[in-house]
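A structural walkthrough
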Amino acid sequence: MHVNLNGKVALVTGAARGIGQAIADAFLANGARVVYSDLDLATAASAAARSDNALALRLDVSAPTEIDQAIDQILHRFGRLDILVNNAGVNTLEHRVNIDQFPVAEWDRILKVDLTGVFLVSRVAARPMIRQQSGRIINIASVLGLVPMRLQSPFVAAKAGMVNLTRSMALELGPHGVLVNAIAPGSILTAGTEKLFYGAEGKFKERTAALLSHIPLARPGTPAEIAHAALFLAAPESSYITGHVLTVDGGWTAGYTRDF
Ligand SMILES: NC(=O)c1ccc[n+]([C@@H]2O[C@H](COP(=O)([O-])OP(=O)(O)OC[C@H]3O[C@@H](n4cnc5c(N)ncnc54)[C@H](O)[C@@H]3O)[C@@H](O)[C@H]2O)c1
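Residues numbered from 1 in each chain as written. Predicted model: local features only at pLDDT ≥ 70, side-chain atom pairs only at ≥ 80, totals over all residues.

Section: the overall build of the protein
Scanning the protein from terminus to terminus reveals 8 helices and 7 strands. In terms of overall dimensions, the protein is globule-like: its C-alpha atoms have a radius of gyration of 18 Å, near the 18 Å expected for 260 residues. Expressed along its principal axes, the backbone C-alpha trace of the protein runs to roughly 55 × 40 × 35 Å. Restricting the contact set of the protein to residue pairs at least 6 apart, pairs at least 24 apart contribute 70%. (Helix = DSSP H or I, 4+ residues; strand = E, 2+ residues; numbered from the N terminus. Rg over C-alpha atoms; globule rule 2.2 N^0.38 Å. Contact = placed C-beta atoms within 7 Å.)

Shown next as structure tokens:
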């Protein structure tokens, strides 16, 4: 997919790997100057080192001082900020338990990044966009923010919160020319989820196969397929879309694949 992002400056959080890196790479390939930000500066820096139009920054989305500094640095370097992608996220693997057993510290850890982090970065990034009277904010939510699964209470709550936060930001920022949308990915194959999905023999694990059997397209998505959706929402042509949640899930949330 090709769109014209020439002259635009984009900040992607959690861009060192996975979906965030794919989005940052796609923006770069379509003409934007792109800030690859992450907790992991070394890996973000090696992703950004491939282009003069890319900059790597350490940015912990849960740390207000780091956010202020990062936005100041971007404005100092590029003079503007046109696109923010709130992609950084965490989930739990070791604590997949019912709510009565769910550790409070794990709830706090996930909410702090997946929901509060979106609020913290967006509030600061929105200021130059309001001054410019233009901008795009794209939140990477999840299908689990629309249709929950069991045993991941903070993740499903955070992503559902992100969906409604997207809509309320769209209401508040629309009059300033700032469009706010979300993407709700289904199961996406990244270096991180690969270990979760595949057994040693290279086949999907039983649990993954069960999950995929609920997806009409019967396969996980790729980070590039999420990046194409982000490009669409960032494109100048998408100028009348705000407050929308775009599912990119192989049909997961379209309905039941079972017959009764
Ligand atoms: N992979 C999937 O199947 C899938 C499905 C639905 C939604 N998502 C969402 O997409 C986003 C990216 O997922 P992914 O699979 O690429 O994840 P990933 O774990 O591969 O990458 C996440 C990145 O975020 C960074 N990060 C973590 N905490 C951070 C913080 N406090 N500040 C800044 N950066 C931080 C990590 O260092 C990492 O580089 C997440 O929000 C995730 O919830 C992913």
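Let's talk about the packing of helix H3 (residues 64-78) against helix H4 (residues 104-132)
The geometry of H3 relative to H4 is characterised by a closest axis approach of 10 Å and an angle of 25 degrees between their N-to-C directions. As far as their axial angle goes, H4 and H3 are roughly parallel. Remark: the crossing between H3 and H4 carries right-handed chirality. Between H3 and H4, the residues in contact are Pro-64, Ile-67, Asp-68, Ile-71 and Leu-75 and Leu-120, Val-121, Val-124, Ala-125 and Pro-128, respectively. Residue classes in the contact of H3 with H4 are distributed as 9 nonpolar, no polar and 1 charged. (Axes fitted to C-alpha atoms, helices over the stretch in contact; angles between N-to-C directions. Parallel < 35°, antiparallel > 145°, perpendicular 65-115°, else oblique. Left-handed = near helix turned anticlockwise from the far one by under 90°. Nonpolar A, V, L, I, M, F, W, Y, C, P; charged D, E, K, R; others polar.)

Some remarks on the nonpolar core
With 76 residues, the main nonpolar core has Ile-23, Tyr-36 and Ala-230 as its most contacted residues. Looking at which element gives the most residues to this core, the answer is H4, with 9 residues. Those residues within four positions of Ile-23 in sequence are excluded, and the remaining contacts are Val-12, Val-85, Asn-87, Ile-226, Ala-227 and Ala-230. (Core = buried A, V, L, I, M, F, W, Y, C linked by C-beta atoms within 7 Å. Buried ≥ 20, exposed ≤ 12 C-beta atoms within 10 Å, placed from the backbone.)

A word on the domain arrangement of the protein
Assigned domains within the protein: domain 1 (9-186 + 222-250) and domain 2 (189-220). Measuring from the centre of the C-alpha atoms in domain 1 to the corresponding centre in domain 2 gives 25 Å. Of the residues contributing to the side of domain 1 that touches domain 2, the split by class is 2 nonpolar, 4 polar and 1 charged. (Domains from an automatic or database assignment.)

Description of the site of the ligand
Close contacts around the ligand come from 28 residues, with Gly-14, Gly-18, Ile-19, Ala-88 and Gly-89 the closest. Secondary structure elements with two or more residues in the shell around the ligand: helix H1 (18-29), H4 and helix H6 (191-197). Of all the elements, H1 adds the most residues to the shell around the ligand, at 3 residues. Across the shell around the ligand, the residue classes tally to 11 nonpolar, 13 polar and 4 charged. Mapped onto the domain boundaries, the shell around the ligand takes at least three residues apiece from domain 1 (9-186 + 222-250) and domain 2 (189-220). (Near = placed C-beta within 6 Å.)

Brief notes about the pairing of strand E2 (residues 33-38)
Taken across its 6 residues, E2 has 6 buried, putting it largely inside the fold. The alternating pattern of E2 places Arg-33, Val-35 and Ser-37 on one face and Val-34, Tyr-36 and Asp-38 on the opposite face, and all of these are buried. Where strand E1 (residues 9-12) and E2 come together, 4 bridges link them in parallel fashion. Along E2, the bridge assignment pairs Ala-10 with Val-34. In the classification by handedness, the crossover that spans E1, the intervening H1 and the parallel E2 is right-handed. Two elements, E2 and strand E3 (residues 54-58), share 5 bridges in a ladder whose sense is parallel. Counted as the bridge partner of Asp-38 is Arg-58 from E3. (Pairing = 2+ DSSP bridges. Right-handed = clockwise from strand over helix to strand, strands pointing away.)

So, unusual backbone geometry
Within the chain, Leu-151 stands out as a residue other than glycine whose phi angle is a positive 70 degrees. Tracing the sequence through the fold places Leu-151 in the loop between strand E5 (135-140) and helix H5 (153-173). On the basis of neighbour counts, which here come to 15 C-beta atoms within 10 Å, the residue Leu-151 falls in the partly exposed class. Even without a glycine there, the phi angle at Ala-218 is positive, about 55 degrees.

Notes on H4
Its 29 residues give H4 an end-to-end C-alpha distance of 41 Å, which sits within 8% of 42 Å, the value for a rise of 1.5 Å per residue. At Thr-116, H4 shows its maximal kink, close to 45 degrees. Every buried residue belonging to H4 is among Ile-110, Val-113, Asp-114, Leu-115, Gly-117, Val-118, Leu-120, Val-121, Ser-122, Ala-125, Ala-126 and Met-129, and all of these are buried. Buried residues along H4 sit against E1, H3, strand E4 (83-86), E5, H5 and strand E6 (178-185). Two residues or fewer past H4, Gln-133 is found with a positive phi of approximately 60 degrees. (Expected span 1.5 Å × (residues − 1). Bend = angle between axes of the 7 residues up to and from the residue.)

A few points about the sheet that holds E5
Pairing is parallel in the open sheet, where 7 strands are placed in the order E3-E2-E1-E4-E5-E6-E7. Unpaired on one side and paired on the other, E3 and strand E7 (245-248) mark the two borders of the sheet. Averaged over all pairs of adjacent strands, the angle between their axes in this sheet comes to 20 degrees, without regard to strand direction. Bridge analysis of E6 against E7 gives 4 bridges, and the strand direction is parallel.

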